[in-house]
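Coordinate inspection notes
Take a look at the letters that make up each chain.
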Amino acid sequence: MGGNETEGKPKPRPIIRIGLFLIAHSLVVSVICCVAGIVTLLLLPVLAKNTYVSENALLPGSASPMLSSDDAVEGQKLMNKILSLQSVSGSSNIEIPQMIAEHIIQLGGEANYHKFQPVSTTFHPLHFFCCSAYGINTIGIVRAPRGDGKEATVMITPYNSSKVSMGEALSLGIAYSVFSLTSRVTWLSKDIIWVAADSRYGEYAAVAAWLKDYNTISFGDFDVLSQSCRSSDFPSHQATKIKEDQASTSFRRAGTLAAGIVVKVADESTELEKDVLKIYAETSNGQMPNLDLINIVNYLAAHGQAFQVRVDKLWSLLDSWFLKSFGELFEMIGKVAQTLNPEWKFGIPSKDYVEGSATLASSMFNQALGVLTGPHGPFRDYQVDAVTIEISTKFSPSQRILFLMRVGRLIEGVIRSVNNLLEKFHQSFFLYLLTSPSRFVSNGVYMIPFGQLVAPLPLVSAALFCDASKSYLSSDGAPSSSSSSVESLPNFKSWRWLYAAKTVLIVHLCSIVVALLPYFICQIPDTSPSINLLQWIILLKSATIPATFMGLCIMSVINFAIAEIGALVIVPLCLTVTPLKLDFQTRTKRSLIRGIYNALLAIMVFPPASFLLIKGTSLGFDTIRFGDFWGWAESLWVWNSATYIFICIIHLPCWALCLHILLHSS
């Protein structure tokens, strides 16, 4: 009778049986997934693809450059005037914007001044009764002869109006040369905006203030300065000898911003190679511009003007024997694969692997940090693709015109490619990691190691749930089933799990308080970063493995890099943590090694310890100060970085829970 009932009982579906099998062998599956995730992460430089221009309409380099030596000479004249004006004692900060506006009007463009105040992070009781400092951006606009005024391309040149350096003067000369060309060409279909950004109070503040006002329509646009304090110091039409219908203090606009490029020239070249051009693309919270914009800059710089194009890399990894060993291993595997089949192109040279890994690590680090890497960052807040290019070169004064021509033709090529577009950048990738200026890893590839790292978390959680149910049933005297846990789910009818869920909810609510705590701690007078850090540690609470899994998955959508790094750090601790008391009571070799490993990992996973360890390894342990972590966390708060939320609400609760388990008195 019992045999007939067993035979008549339907078997679970294959997907359920596979899930139960994985849960039953969660330990083995966890080890395999973690190892596979780390190996796949190391394989990313090998799996990187060559970049390519996805949008055919861009056509970089299809037209011959039109910027001539006459345009470069005009740029050099403006540069010399700015430097000579800077050398005169007693010159004010208004004379340089005034001079730039005069030259813009002479070319037939529209000029206006944009006054902005830097955002203050501290509150002053007399703020409303005194005039704060302000900066003055100079804006030049060329209306496209073949356009309808609905789109525009932006060119940014930051400079310190208090003390203009040689590199800043060169960047202004380059922009003026390009502006001089665009003012007379007939192929222009998008308006050109040149912003000479006053960076006395920071490059970000100047660009962000202009973008905010450009994208915000207000009734005070046309008389924003006449009613403000110290308006008499602002450039007037009589002082600049400009007609009122050509330049004014009213805010002028062009079309919707299609793309932006920030031009900077380094004052001193620190590169070993000659004519190095660096591309900075990372913006806030790991956002990146469309890859096509980087591709056209890289193509025009490398093939058109013979620049050595570079992206940022972690130089300390170039001498890593660990990466060199893996590079040699992958190179050998690639050679063996090619002997078996010449079409298999798997391996790359060991040197390229090390450089690719260092660049990939830098790209992940910058995206995980969540802080922008240049003045192009504010553009991404308005869904505008932009990059910063910085040229490092060594040349004699007689070669300045040639240098202005080369960089000017590069900017001309970028403007011409963007000018060909009839729509916004959309064909290429927005989610990617760079291993070199010409190689990238797409989101379809870099999500594989992340998925492998977080896959054990739900399996271990389900296995712990099954073990808890079995322990509860056996303690109540229920008959134990002879069938394996692979064949059926336990009949767990207790609601005791709600107590754990309630604890998790309370702890994560407390973590939100921890995330808001620095703002209130900073209001306490006469406190140092060390005291602030000690007050912050007091409120740390615990979390759970499922909450960590959900937090990592959600964070991977917002910022993949910080989710990947967090998974590398958190997942091993979540999977291996056990009470130290049990390990030392057992006193076996395996338990002692596991206990020591868990204790060391718990110390290293603690965010302040991890930060100080990384800083000491890269910059030297003599540079470490106890309050450094607080300063770093405060900078993340100021820049609205999602990394700060991840550390407070996901990382810290998980670490505190693991520490609670580690020190639990069983």
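In what follows, the accompanying structure is described. (Residues numbered from 1 in each chain as written. Predicted model: local features only at pLDDT ≥ 70, side-chain atom pairs only at ≥ 80, totals over all residues. Heavy atoms only, no water.)

**Some points on helix H5 (residues 95-106)**
Applicable threshold: Strands here mean DSSP runs of E at least two residues long; helices mean DSSP runs of H or I at least four residues long; both are numbered from the N terminus. Residue count minus one, scaled by 1.5 Å, sets the expected span of a helix. Here the term buried applies to any residue with accessible area under 20% of the maximum for its type, exposed to any over 50%, and partly exposed to those in between, with areas from a 1.4 Å probe on protein chains only.
In a regular helix each residue adds 1.5 Å, so twelve residues correspond to 16 Å; H5 covers 17 Å between its end C-alpha atoms and thus fits that length. H5 sits mainly inside the fold: nine of its twelve residues count as buried. All of the buried residues along H5 are Ile96, Pro97, Gln98, Met99, Ile100, Ala101, His103, Ile104 and Ile105. Directly beyond the C-terminal end of H5, a positive phi value near 95 degrees is found at Gly108.

**With respect to a nonpolar patch on the surface**
This is how the line gets drawn: Two joining distances apply to patches: 9 Å for like charges and 5 Å for nonpolar side chains (Val, Leu, Ile, Met, Phe, Trp, Tyr), and every residue must have over 30% relative accessible area and no salt bridge. Note on areas: Shrake-Rupley, 1.4 Å probe, and residue coverage restricted to the protein chains presented here. In the sections that follow, a salt bridge refers to a side-chain nitrogen of Lys or Arg positioned within 4 Å of a carboxyl oxygen of Asp or Glu.
Taken together, the side chains of Leu27, Val28, Val31, Ile32, Val35 and Val39 make up a nonpolar region of the molecular surface, amounting to roughly 540 Å² of accessible area. Counting through the fold element by element, Val39 comes out in helix H3 (residues 26-47).

**A look at the packing of helix H4 (residues 69-87) against helix H6 (residues 166-182)**
The test is simple: To obtain an axis, a line is fitted to C-alpha atoms, over the contacting stretch when the element is a helix, and the angle between two such axes runs from 0 to 180 degrees between their N-to-C directions. Roughly parallel refers to an angle under 35 degrees, roughly antiparallel to one over 145, roughly perpendicular to one between 65 and 115, and oblique to any angle outside these ranges. In this scheme, a crossing is called left-handed if the near helix is turned counterclockwise away from the far one by less than a right angle; it is called right-handed if the turn is clockwise. Residues count as neighbours in contact if any of their non-hydrogen atoms are within 4.5 Å of one another.
At their nearest, the axes of H4 and H6 sit 8 Å apart, and the two run at 140 degrees to each other. Relative to H6, the element H4 lies oblique. Crossing of H4 over H6 shows right-handed handedness. Residue-level inspection shows Asp71, Ala72, Glu74, Gly75, Leu78, Met79, Ile82 and Leu83 of H4 in contact with H6, the latter providing Met166, Ala169, Leu170, Leu172, Gly173, Tyr176, Ser177, Ser180 and Leu181.

**With respect to the packing of aromatic side chains**
Two aromatic rings, taken as a pair, are described by how far apart their centres are and by the angle between their planes. Stated formally: Two aromatic rings from Phe, Tyr or Trp, using only the six-membered ring of Trp, form a pair when their centres are within 6.5 Å; if the ring planes differ by under 30 degrees the pair is stacked, by over 60 it is edge-to-face, and anything between is tilted. Only when the NZ of Lys or the CZ of Arg is both within 6 Å of the ring centre and within 35 degrees of the ring normal is a charge said to sit over the ring.
Going through the model one piece at a time under the given rule, you end up with nine aromatic pairs. Aromatic side chains Trp321 and Phe322 sit 6.2 Å apart centroid to centroid with 85 degrees between the ring planes, which places their arrangement in the edge-to-face category. Under the relative-accessibility criterion, Trp321 is labelled exposed at 66%. Aromatic side chains Phe326 and Phe330 sit 5.8 Å apart centroid to centroid with 45 degrees between the ring planes, which places their arrangement in the tilted category. Taken together, the residues span about one helical turn, with Phe326 and Phe330 both in helix H10 (residues 321-340) at a distance of four residues. Here a set of aromatic residues connected by ring pairs shows up, and it is made of Trp321, Phe322, Phe326, Phe330 and Tyr353. Above the ring of Trp315, the side-chain terminus of Lys313 is found at 5.4 Å from the ring centroid. Here the guanidinium or amino end of Arg406 rests over the ring plane of Phe307, the centre of that ring lying 4.4 Å away.

**Structural notes on unusual backbone geometry**
Even without being glycine, Asn285 reaches a positive phi, approximately 55 degrees. Locating Asn285 in the fold gives a position in the loop between strand S8 (276-280) and helix H9 (291-304). Phi at Ala306 is positive, roughly 60 degrees, even though this residue is not glycine. Relative to the assigned elements, Ala306 resides in the loop between H9 and strand S9 (308-311).

**A short note on the nonpolar core**
Under the convention used in this document: The definition of a nonpolar core used throughout is a set of buried Ala, Val, Leu, Ile, Met, Phe, Trp, Tyr and Cys residues joined through side-chain atoms within 4.5 Å.
If you look at the biggest cluster of nonpolar residues, it comprises 74 residues, and the most contacted ones within it are Trp194, Leu277, Ile411 and Val414. Leave out the neighbours within four places in its chain, and Ile411 touches Met155, Ile174, Val178, Ile261, Val263 and Ile389. Within the second largest apolar cluster, 47 residues are counted, among which are Ala368, Met555, Val605 and Ala642.

**Focus: the pairing of strand S4 (residues 151-159)**
Rule in force here: Only strands joined by at least two bridges in the DSSP assignment are considered to pair. With the strands pointing away from the viewer, any crossover whose connection runs clockwise from the first strand over the helix to the second is right-handed.
Counting buried residues along S4, eight of its nine residues qualify, which places the element largely inside the surrounding structure. Examined bridge by bridge, S4 and strand S7 (residues 256-265) share six bridges and lie parallel to one another. Among the inter-strand pairings, Ile156 is bridged to a residue of S7, identified as Val262. Two strands pair when backbone bridges link them, and S4 and strand S5 (residues 191-198) are joined in this way by eight bridges, in the parallel orientation. Note on S5: the bridge partner recorded for Val154 is Ile193. The parallel pair S4 and S5, bridged by H6, forms a crossover whose chirality is right-handed.

**Quick word on the packing of H6 against helix H13 (residues 400-420)**
Here is the rule we go by: Amino acids outside the nonpolar list (Ala, Val, Leu, Ile, Met, Phe, Trp, Tyr, Cys, Pro) and the charged list (Asp, Glu, Lys, Arg) are all regarded as polar, and Gly is one of them.
Two numbers describe how H6 lies on H13: the axes approach to 9 Å, and their chain directions differ by 55 degrees. Taken as axis vectors, H6 and H13 run oblique relative to one another. Relative to H13, the crossing made by H6 is right-handed. Packed against H6, whose contacting residues are Met166, Leu170, Gly173, Ile174, Val178 and Leu181, the element H13 presents Arg400, Phe403, Leu404, Val407, Gly408, Ile411, Glu412 and Ile415 at the interface. Here the contact of H6 with H13 is built from residues that sort into ten nonpolar, two polar and two charged.

**Observations concerning the side chain of Thr283**
Turning to its location among the elements, Thr283 is positioned in the loop between S8 and H9. Residue Thr283 is classed as buried on the basis of its relative accessible area, which comes to 2%. For Thr283, the contacting residues outside a window of four places in its chain are Met288, Gly370, Val371, Leu372, His376, Gly377 and Arg380.

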